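Understanding the architecture of this molecule
What follows is the residue order along each chain.
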Amino acid sequence: PRVVFSGIQPTGVPHLGNYLGALRNWETLQTEAAPGDKLLFSIVDLHAITIRQDPEQLRRHKRECLASLLAIGLDPKKSIIFEQSSCRQHAELMWILSCGASMGYLSRMTQWKSKIGVGETEDALGKKAGKTLKLGLFSYPVLQAADILVHRATEVPVGEDQSQHLEFTREIASGFAALYKDVFPLPKTVLSPAKRVMSIRNPSVKMSKSDPDATSRILLTDTPEEIQNKFKKAVTDSLGTVTYDLKERPGVSNLIQIYSHMQRRDDFEAVAKEFEGCNMTQLKTRVSECVIEKLGGFRKEYERIMNESDGYLNAIAEEGAKKANESAEGTMLQVKKAMGLI
Ligand code: TYM
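The rules behind the values
Residues numbered from 1 in each chain as written. Predicted model: local features only at pLDDT ≥ 70, side-chain atom pairs only at ≥ 80, totals over all residues. Heavy atoms only, no water. UniProt positions renumbered as here; feature names shortened; annotations may be inferred. pLDDT = per-residue confidence, 0-100. Near = heavy atom within 4 Å. Polar contact = N/O pair within 3.5 Å; in protein donor to acceptor, adjacent residues only side chain to side chain. Areas by Shrake-Rupley, 256 points an atom, 1.4 Å probe, with all protein chains shown as cover. Nonpolar A, V, L, I, M, F, W, Y, C, P; charged D, E, K, R; others polar. Core = buried A, V, L, I, M, F, W, Y, C linked by side-chain atoms within 4.5 Å. Buried < 20%, exposed > 50% of the residue type's maximum accessible area, 1.4 Å probe, protein only. Helix = DSSP H or I, 4+ residues; strand = E, 2+ residues; numbered from the N terminus. Domains from an automatic or database assignment. Contact = heavy atoms within 4.5 Å. Salt bridge = Lys/Arg side-chain N within 4 Å of Asp/Glu carboxyl O. Buried area = accessible area lost by both parts, 1.4 Å probe. Axes fitted to C-alpha atoms, helices over the stretch in contact; angles between N-to-C directions. Parallel < 35°, antiparallel > 145°, perpendicular 65-115°, else oblique. Left-handed = near helix turned anticlockwise from the far one by under 90°. Phe/Tyr/Trp six-rings, centres within 6.5 Å; stacked < 30°, edge-to-face > 60°. Lys NZ or Arg CZ within 6 Å of the ring centre and 35° of its normal.

An unreviewed UniProt entry lists the protein under the name Tryptophan--tRNA ligase, mitochondrial, from Pyronema omphalodes. Listed in UniProt under the heading Sequence similarities (unreviewed entry), the comment for the protein reads: "Belongs to the class-I aminoacyl-tRNA synthetase family." Of the protein, the UniProt comment under Subcellular location (unreviewed entry) reads exactly: "Mitochondrion matrix".

If you want it as structure tokens, here you go:
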């Protein structure tokens, strides 16, 4: 049987990149699951705190994140939906795995390197590392490996930016097998067709929650007006006609990709042809109309869930925690036995 695991950081309502790159695929996998398959989707609050969080805001973001997962169609009867910190085995396995994780490998991870800044000298880096860079951020990938391995996941549906973390996870798993025992299956990276959705303000960077420019991303809860305004400001070019050319026309091509992915199409050239004779304004209008239509159902469902009592969401999180604990405990027993801890 398959074990599907994936996670999302509770940094507010997910954006279109999260949705097209990962969340929509989670829902598809849930629909296609065979009897005996296990699916786990985690709100990774322990990862979120690698950056300082305001406690009240974190609580609110976790609630919004859970409501979002339910609103896209994840069903607590079919999937285990839980908060990472409510399943202690994640942190426990992380410590064990960190004893076998190489500092060299971790320091080459792009996410870490991007935090350090390009072109810094060793010395500046040393000083900076001493003050602002935290151990938790450095060991972030070890916790992610633990998330996946503690449930012995076989498949991990993510966007492309997580590929390196998954390679690291497989490395850790085979390292454990070589030293002790073959406890963990090697998890496969499952990418969706929309593996990398770009910022609509700067098509050379991915759409991201941490971009200071809020018009660079579409949130799943954006109102039709907000969606229209953001696409109006989307960066394109001055060619005037619509063609698909990722290299020469990254802005226009990103809009075509978004439009196509929303409709589960991946023949971008053919889609571009349908825009023949359209100017940029018309393209943007049609892309916004499509996104508004496809997200309408989500927003309604999200609002319904957010209007439920606290008890409603808490009960779902508690049930998820209980099932996640059961799923993780069996692995921990095997790991501890293999290592001589018990
Ligand atoms: P996070 O919270 O940044 O993103 C959640 C998911 O959304 C995908 N994604 C994108 N896909 C396409 N285009 C984009 N612009 C885009 N932006 C985000 C991400 O690839 C991800 O799949 N480290 C992870 C969370 C995590 C995790 C795990 C994932 C923790 N433990 C174990 C899988 C398995 C993260 O920060 O995702």
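1. Focus: the confidence of the model for the protein
Taken as a whole, the protein shows an average pLDDT of 95; of its residues, 96% reach a score of 70 or greater. Across the whole predicted complex the pTM is 0.96, and at the interface the ipTM reaches 0.99.

2. What about the site of the ligand?
Around the ligand lies a shell of 28 residues, among which Gln9, Tyr140, Asp147, Asp161 and Val197 are the nearest. One of the side-chain nitrogen or oxygen atoms of asparagine 18 is found 3.1 Å away from an oxygen atom of the ligand. Interatomic distance of 3.0 Å between a side-chain N/O atom of glutamine 162 and a nitrogen atom of the ligand. Burial of the ligand by the protein chains amounts to 95% of its free accessible area of 720 Å². When the residues that make up the shell around the ligand are grouped by side-chain class, the tally is 11 nonpolar, 11 polar and 6 charged.

3. Observations concerning the nonpolar core
Ranked by size, the top nonpolar core spans 57 residues in total, and within it Leu16, Phe231 and Val291 carry the most contacts. A total of 10 residues in this core trace back to one element, the largest contributor, which is helix H14 (residues 280-306). For this core, the two domains that each supply at least three residues are domain 1 (3-101 + 139-197 + 310-339) and domain 2 (221-304). For leucine 16, the residues in contact, after removing those within four places along its chain, are Gly21, Met207, Ile218, Leu220, Ile258, Met262, Val291 and Leu295. Counting 40 residues, the second largest nonpolar core, distinct from the first, contains Leu97, Ala145, Val158 and Ile172.

4. Some details on the pattern of salt bridges
For the coordinates displayed, the defined rule picks out 17 salt bridges. Two residues, arginine 63 and aspartate 310, come together in a salt bridge whose shortest N-O distance is 2.6 Å. Taken together, the residues span a long stretch of sequence, with arginine 63 in helix H3 (residues 55-71) and aspartate 310 in helix H15 (residues 310-339) at a distance of 247 residues. Owing to a relative accessible area of 22%, arginine 63 belongs among the partly exposed residues under this scheme. A salt bridge links arginine 249 to aspartate 237; the shortest N-O distance between them is 2.7 Å. Of this pair, arginine 249 sits in the loop between helix H11 (224-232) and helix H12 (250-262) while aspartate 237 sits in the loop between H11 and H12, placing them 12 residues apart in sequence. In this structure arginine 249 comes out as buried when scored by relative accessible area, which is 3%. The class of aspartate 237 is partly exposed, set by a relative accessible area of 26%.

5. Notes on the domain arrangement of the protein
Taken domain by domain, the protein comprises domain 1 (3-101 + 139-197 + 310-339) and domain 2 (221-304). Between domain 1 and domain 2, the C-alpha centre-to-centre distance is 31 Å. In this complex, domain 1 contributes 15 residues to the contact, which on the side of domain 2 involves 13 residues. The junction of domain 1 with domain 2 conceals about 1200 Å² of combined surface from both sides, 65% of it contributed by carbon and sulfur atoms.

6. Thoughts on the packing of helix H4 (residues 89-98) against H15
Their axes nearest at 10 Å, the elements H4 and H15 cross at an angle of 25°. Judged on the interaxial angle alone, H15 and H4 are roughly parallel. The element H4 and its partner H15 pack so that their crossing is left-handed. Listed contacts from H15 to Gln89, Glu92, Leu93 and Ile96 of H4 are Asn325, Ala328, Glu329, Met332, Val335, Lys336 and Met339. Classifying every residue of the contact of H4 with H15 by side-chain character gives 6 nonpolar, 2 polar and 3 charged.

7. Things to note about the packing of aromatic side chains
Overall, the coordinates contain 9 aromatic pairs when judged by the stated rule. Between tyrosine 105 and phenylalanine 168, the ring centres sit 5.2 Å apart and the planes meet at 75°, which makes this aromatic pair edge-to-face. With a gap of 63 residues between them, tyrosine 105 in helix H5 (residues 103-107) and phenylalanine 168 in helix H10 (residues 163-179) connect regions that are remote in the sequence. Ring centres of phenylalanine 298 and tyrosine 302 lie 5.8 Å apart, and the angle between their planes is 20°; this geometry places the pair in the stacked category. Separated by 4 residues within a single helix, phenylalanine 298 and tyrosine 302 lie in helix H14, roughly one turn from each other. Judged by relative accessible area, phenylalanine 298 falls into the buried class, the value being 7%. Each member of the aromatic cluster is reached from another via a ring pair, and the members are Phe176, Tyr180 and Phe184. Over the ring of phenylalanine 275 we find arginine 286; its NZ or CZ atom is 4.3 Å from the centre of that ring.

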